[in-house]
Amino acid sequence: MEAVKIDSGALEFASDRLKNDKEILLEATKKSGWTICYASEKLRDDKDVLLSATSNDGQALYFASARLRDDKDVVMQAVKNKPIILKFASLRLRSDREVILTAISKNPKVRLRSLNPLAGKGLRKAKGENPNKLYAIPEILQPIINKEAKLNKVELKKTYLYDLETKAGEEYIFLGK
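No experiment lies behind these values; they were computed from the predicted model shown.

## Quick word on the pattern of salt bridges
The tally for this structure, following the rule as stated, stands at 9 salt bridges. Between Lys30 and Glu27 there is a salt bridge, with the nearest N and O atoms lying 3.4 Å from each other. Placement of both Lys30 and Glu27 in helix α3 (residues 22–31) is noted, with a separation of 3 residues, approximately one turn of the helix. Lys30 sits in the exposed class, given a relative accessible area of 51%. One salt bridge in this structure joins Arg67 and Asp45, with 2.9 Å as the shortest N-O distance. Taken together, the residues span a long stretch of sequence, with Arg67 in helix α5 (residues 66–69) and Asp45 in the loop between α3 and α4 (47–54) at a distance of 22 residues. Residue Arg67 is classed as partly exposed on the basis of its relative accessible area, which comes to 48%. Residue Asp45 is classed as partly exposed on the basis of its relative accessible area of 29%. Through salt bridges that share partners, Lys22, Asp46 and Asp48 make up one connected network.

## A short note on the packing of aromatic side chains
Throughout the structure, instances matching the rule amount to 3 aromatic pairs. Each ring, one from Trp34 and one from Tyr38, has its centre 5.9 Å from the other, and the planes form 75 degrees; the classification is edge-to-face. For Tyr38, a relative accessible area of 18% puts it in the buried group. Ring geometry for Tyr62 versus Phe63: centroids 5.0 Å apart, planes at 85 degrees, classification edge-to-face. A relative accessible area of 40% means that Tyr62 is categorised as partly exposed. Of the residues examined, Phe63 reaches a relative accessible area of 23% and is grouped as partly exposed. Pairwise contacts between aromatic rings join Tyr62, Phe63 and Phe88 into one cluster. Over the face of the ring belonging to Tyr62 we find Arg69, whose NZ or CZ atom lies 5.9 Å from the ring centre.

The rules behind each value
- Once a new chain begins, its residue numbering starts again from 1 and follows that chain's sequence as written.
- Only residues with pLDDT of 70 or above have their local features reported here, since the model is predicted, and side-chain atom pairs are shown and tallied only from 80 upward, although totals for entire chains, interfaces and linings are computed over all residues.
- Note that the side-chain values use all heavy atoms of the structure and ignore hydrogens as well as water.
- The salt bridge definition used is simple: a Lys or Arg side-chain nitrogen within 4 Å of an Asp or Glu carboxyl oxygen.
- Numbering of helices and strands starts at the N terminus; helices are DSSP runs of H or I of at least 4 residues and strands are runs of E of at least 2.
- Think of it in three bands: with a 1.4 Å probe and only protein chains considered, a residue is buried below 20% of the maximum accessible area for its type, exposed above 50%, and partly exposed in between.
- Stacked, tilted and edge-to-face are the three classes assigned to paired rings of Phe, Tyr and Trp, where Trp is represented by its six-membered ring and a pair needs centres within 6.5 Å; plane angles under 30 degrees give stacked, over 60 edge-to-face, the rest tilted.
- By definition, being over a ring means that NZ of Lys or CZ of Arg is both within 6 Å of the ring centre and within 35 degrees of the ring normal.

Structure, rendered in structure tokens:
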């Protein structure tokens, strides 16, 4: 316990028995939430430990059990600290209005995609990368291509991209031109 009080990262070198000790994990995670990565599976499924960890490092949600990734209190705490961690929440909570609004309130830049041209206050034609890191497109280094595959021609409809800076509590309405 003393080593964890001095340096919470010392948990990495602790025995499995100590990594399963709730008191030690609470001490470590209140200073450095990321130390949850050293916790036993049992404590990664302990709501008190995860709330402690996510209170100072939303990234701790990554190490949470599936049950706690579906716990609204834990996920809300995590996205308040690190909005992009929303991608590790359960599908149910990634679709929850309050959770989404909490995440985007921390990153007010929005990119809209439409099949029709739009008009509205603050709307401008999109340029460059998506400014909202919640929607960053992962880089695919080498596509997998099957030379024997018979592919049908795909016709993509023209889409319009817009960027918008939002403000908490405001509503935005966009109309087709």
